[in-house]
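Listed below are the residues making up each chain.
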Amino acid sequence: MGRQESATSKTIEKGLADQDENAISSRMALEPYGPSGFRGVVGSRYVALCAAFSALGGLLFGYDQGVISVTLVMPQFLERFPEVSEAAAGAGFYKGLMTGMIELGALLGALNQGWIADWISRKFSIMVAVVIFTIGSVLQTAAINYAMLVVGRFVGGVGIGMLSMVVPLYIAEISPPQIRGTLLVFEQFSIVAGIIVSFWVTYGTRFIPGNWSWQLPFLLQILPGLVLGFGTFFFLPFSPRWLASKGREEEALTVLGKLRELPTSDIRVRGEWMDILAESTFQHQVLEERHPLLVRNRTKVNRLKLEIVSWTDCLKPGCWRRTHIGAGLMFFQQFVGINALIYYSPTLFGTMGLDYEMRLTMSGVLNITQMVGVLSSLWTLDRFGRRSILLCGSAGMFISHFIISILVGKYSDNWPSHRPEGWTSVAFLLFYMISFGASWGPVPWAMPSEIFPSSLRAKGVAISTCSNWLNNFIIGLITPPLVQKTGFGAYVFFAAFCLGSGIWTFFFVPETNGRTLEEMDEVFKDRGNAEDVARKDAIFSDIVRRLGN
């Protein structure tokens, strides 16, 4: 009898082992939801609509950046704020401080959005950001002196920074892997669209007599903010990965099925759902191993301590390479010179010999050419991958800056006698914008939101976004004196960083195209040793047994 029970027990154990092995094999062999790239977006209408709507946050970001370009040269604006006029003492510093305050505020906003998005959800943190952004817009519109304008841009910047961090995070967490890159391009597309809209709005309002010429553009940016805030509350679903991290498993499955437009019984939906739960459980176990006392004894003080030490986990083995890549991508995105061109394009076109009206017109054309590049990445990002696109973009931008620096250095003393050379410089500047828009525009927004483990994703994206805004702030401060004092040296400066971005990408940036968020350990091989893989498989098998295959 005892031998019979033992044999039966072994048979059951073998059956369970076979079931676990089959479950793991089925997870690895799940069919994709559809084709990659733009065709996949057309076939996933609901998730694409959610991504596009949340990307309105990028529109606010771009609009608030671009609105200052023409405003800075409006006579009505300079009459109200004489500190930034060319004739004023220290104008370069005051102009740089005014444009830079939005970056400083955004740095603070992005840094705090990490814990806010983990606490109240990605969805509700978008709404908080919209409220802060609206307050900042009101202050800018009503500004009666330079100090009030700077405060308004700082407050608005806090909201912008929060949106710039959480929107890519939200899009990455709701997207299927085959079209995640394409959907993340929506963020950069919206940023550039906002820059273009704000530029041509201010281009038209400059003819309005009085202060409404610059106040109206600031006022108009409130409208899309309100649309985003109310639409998020009534329309956008929660992130299924955030729901899983909070133990709301069934709700996560329901939302995932809705996003994939498939029944919750579909094997692909259930496979992705159980993979998300397994990753969440694994990351919780890792957190408990690193900070056992803080995790097990969840007092208010310990929760605060855990929040603080979780930030340092981004710099520890298992994550530091990802933090390096996320922050590095954002560093180079700014130091290749893009926002210097957006903020000060009329001034830069002046160094190429263009008159006032042509400078403003070409500044608008500059942003449209960037949009052409961004549109191309809707097709290329999920087809050719992130890494190769970055390398090609670095090469194109370096060539552009290098040739412009030679032409400006050689002919800027007498542009009227060298009009062909001046327009050649303009042509290469437009080529630079296309190269950037197709590569270093969208990819640095896409990759940080997909490379971090679930337990540290919000904080990792926050660190990456903070890198963007800190370097954006530095560029905003140094560009005016750099252009005024060095002329062609500004282009040499940015050319050097374009070259550096290519070298850095070649040695450090891996390819993430087509991989799920839960597969990034395998990409980075920092938590892909045999012990971790076995533990993940065991967790997944346990979830399969508990929830059903």
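Since the structure is predicted, the reported quantities are computational estimates derived from the model, not experimental observations. (Residues numbered from 1 in each chain as written. Predicted model: local features only at pLDDT ≥ 70, side-chain atom pairs only at ≥ 80, totals over all residues. Heavy atoms only, no water.)

A. Spotlight on the overall build of the protein. Per the secondary structure count, the protein includes 27 helices and zero strands. Taken over C-alpha atoms, the radius of gyration comes to 25 Å for the protein, in line with the 24 Å a tight globule of 549 residues would show. For the protein, the spread of C-alpha atoms along the principal axes amounts to about 105 × 45 × 40 Å. Among the 549 residues that make up the protein, the fraction classed as buried is 58%. (Helix = DSSP H or I, 4+ residues; strand = E, 2+ residues; numbered from the N terminus. Rg over C-alpha atoms; globule rule 2.2 N^0.38 Å. Buried < 20%, exposed > 50% of the residue type's maximum accessible area, 1.4 Å probe, protein only.)

B. Just the environment of Glu522, in detail. By secondary structure assignment, the location of Glu522 is in helix α26 (residues 520–524). For Glu522, a relative accessible area of 41% corresponds to the partly exposed category. Through-space distance from the C-alpha of Glu522 to that of Asp537 is 13 Å; in sequence the pair is 15 residues apart. For Glu522, the side chain forms a polar contact with the side chain of Arg515, separated by 3.0 Å. (Polar contact = N/O pair within 3.5 Å; in protein donor to acceptor, adjacent residues only side chain to side chain.)

C. Structural detail: the nonpolar core. With 118 residues, the main nonpolar core has Met165, Leu183, Leu228, Tyr432 and Trp440 as its most contacted residues. Ranked by the residues each element gives to this core, the list is headed by helix α8 (residues 146–174), at twelve residues. Setting aside residues up to four positions removed in sequence, Trp440 forms contacts with Leu329, Phe332, Gln333, Leu390, Gly393, Ser394, Met397, Ser435, Ser501, Trp504 and Thr505. (Core = buried A, V, L, I, M, F, W, Y, C linked by side-chain atoms within 4.5 Å. Contact = heavy atoms within 4.5 Å.)

D. How the structure looks around the packing of aromatic side chains. Tallied over the entire structure, the rule returns 31 aromatic pairs. Residues Phe238 and Trp242 carry aromatic rings whose centres are separated by 5.7 Å and whose planes lie at 20° to one another, so their mutual orientation is stacked. Classification of Phe238 as buried rests on a relative accessible area of 16%. Judged by centre distance (5.0 Å) and plane angle (80°), the ring pair of Phe331 and Phe332 falls under edge-to-face. (Phe/Tyr/Trp six-rings, centres within 6.5 Å; stacked < 30°, edge-to-face > 60°.)

E. Examining the pattern of salt bridges more closely. Considering all chains together, one arrives at 23 salt bridges under this definition. Taken together, the shared-partner salt bridges in this structure form one network comprising Asp118, Arg122, Glu173, Glu307, Arg457 and Lys459. (Salt bridge = Lys/Arg side-chain N within 4 Å of Asp/Glu carboxyl O.)

F. Seen up close, helix α6 (residues 91–120). The terminal C-alpha atoms of α6, which comprises 30 residues, lie 42 Å apart, in line with the 44 Å expected from a rise of 1.5 Å per residue. At Gln113, α6 shows its largest bend, some 35°. Of the residues one or two after α6, Ser121 is the one with positive phi, at around 100°. (Expected span 1.5 Å × (residues − 1). Bend = angle between axes of the 7 residues up to and from the residue.)

G. Fine view of the environment of Val192. With respect to the secondary-structure elements, Val192 resides in helix α9 (residues 180–205). C-alpha of Val192 to C-alpha of Met397: the two residues are 205 residues apart in sequence and 18 Å apart in space. What Val192 contacts, discounting residues up to four positions off in sequence, is Asn367, Gln370, Met371 and Val374.

H. Main features of a positive patch on the surface. On the surface, Lys246, Arg298, Lys300 and Arg303 cluster together into a patch of positive charge. Along the chain, Arg298 falls in the loop between α15 (292–296) and α16 (300–313). (Patch = residues over 30% accessible without salt bridge, like charges linked within 9 Å, V, L, I, M, F, W, Y side chains within 5 Å. Areas by Shrake-Rupley, 256 points an atom, 1.4 Å probe, with all protein chains shown as cover. Lys, Arg positive; Asp, Glu negative; His and termini not counted. Charge placed at Lys NZ, Arg CZ, Asp CG, Glu CD.)

I. Quick look at the side chain of Ser467. With respect to the element layout, Ser467 can be found in helix α24 (residues 457–486). When residues no more than four places from it in sequence are discounted, the contact partners of Ser467 are Ala327, Met330 and Phe331.

J. Quick look at unusual backbone geometry. Despite not being glycine, Ser121 has its phi angle at roughly 100°, a positive value. Mapped onto the elements of the fold, Ser121 is located in the loop between α6 and α7 (122–141).

K. How the structure looks around the state of the cysteines. Applying the stated rule across the entire model yields zero disulfides. Lacking any disulfide linkage, Cys314 is separated from the closest cysteine sulfur, that of Cys319, by 4.6 Å. Cysteine Cys466 remains unbridged, with the sulfur of Cys314 as its closest cysteine sulfur at 11 Å. On the accessibility criterion, Cys466 (8% relative accessible area) is buried. (Disulfide = S-S within 2.5 Å.)

L. Quick peek at a nonpolar patch on the surface. Among the surface-exposed residues, Leu49, Leu226, Phe230, Phe233, Phe234 and Phe235 lie close enough to one another that they form a single nonpolar patch of about 640 Å² accessible area. No other element matches the four residues that helix α11 (residues 222–234) contributes to the nonpolar patch. When you line up the elements, Leu226 lands in helix α11. On the accessibility criterion, Leu226 (37% relative accessible area) is partly exposed.

M. The arrangement of α9 in detail. Helix length check: α9, at 26 residues, gives a terminal C-alpha distance of 38 Å against a target of 38 Å (1.5 Å per residue), a fit within 8%. Where burial is concerned, most of α9 is hidden: 21 out of the 26 residues are buried.

N. Main features of the packing of α16 against α24. Contact geometry for α16 and α24: axes closest at 9 Å, N-to-C directions at 60°. Overall, the two elements α16 and α24 adopt an arrangement that is oblique. The way α16 lies across α24 gives a crossing that is right-handed. Counted together, Glu307, Ser310 and Trp311 of α16 and Lys459, Ala462 and Ile463 of α24 form the full contact between these two elements. (Axes fitted to C-alpha atoms, helices over the stretch in contact; angles between N-to-C directions. Parallel < 35°, antiparallel > 145°, perpendicular 65-115°, else oblique. Left-handed = near helix turned anticlockwise from the far one by under 90°.)

O. Molecular detail of the environment of Ser449. Mapped onto the fold, Ser449 is located in helix α23 (residues 448–451). Distance in space between the C-alpha atoms of Ser449 and Met165 is 8.8 Å, their sequence separation being 284 residues. Polar contacts involving the side chain of Ser449 include one to the main-chain carbonyl oxygen of Ala446, which spans 2.8 Å.

P. Structural detail: the side chain of Glu279. Positionally, Glu279 belongs in helix α14 (residues 267–290). Judged by relative accessible area, Glu279 falls into the buried class, the value being 4%. Polar side-chain contacts of Glu279 include one of 3.3 Å to the side chain of Lys536. With residues up to four places along the chain from it excluded, the contact list for Glu279 reads Pro453, Ser454, Glu518 and Lys536.

None of the figures reported here should be taken as evidence of function without further support.
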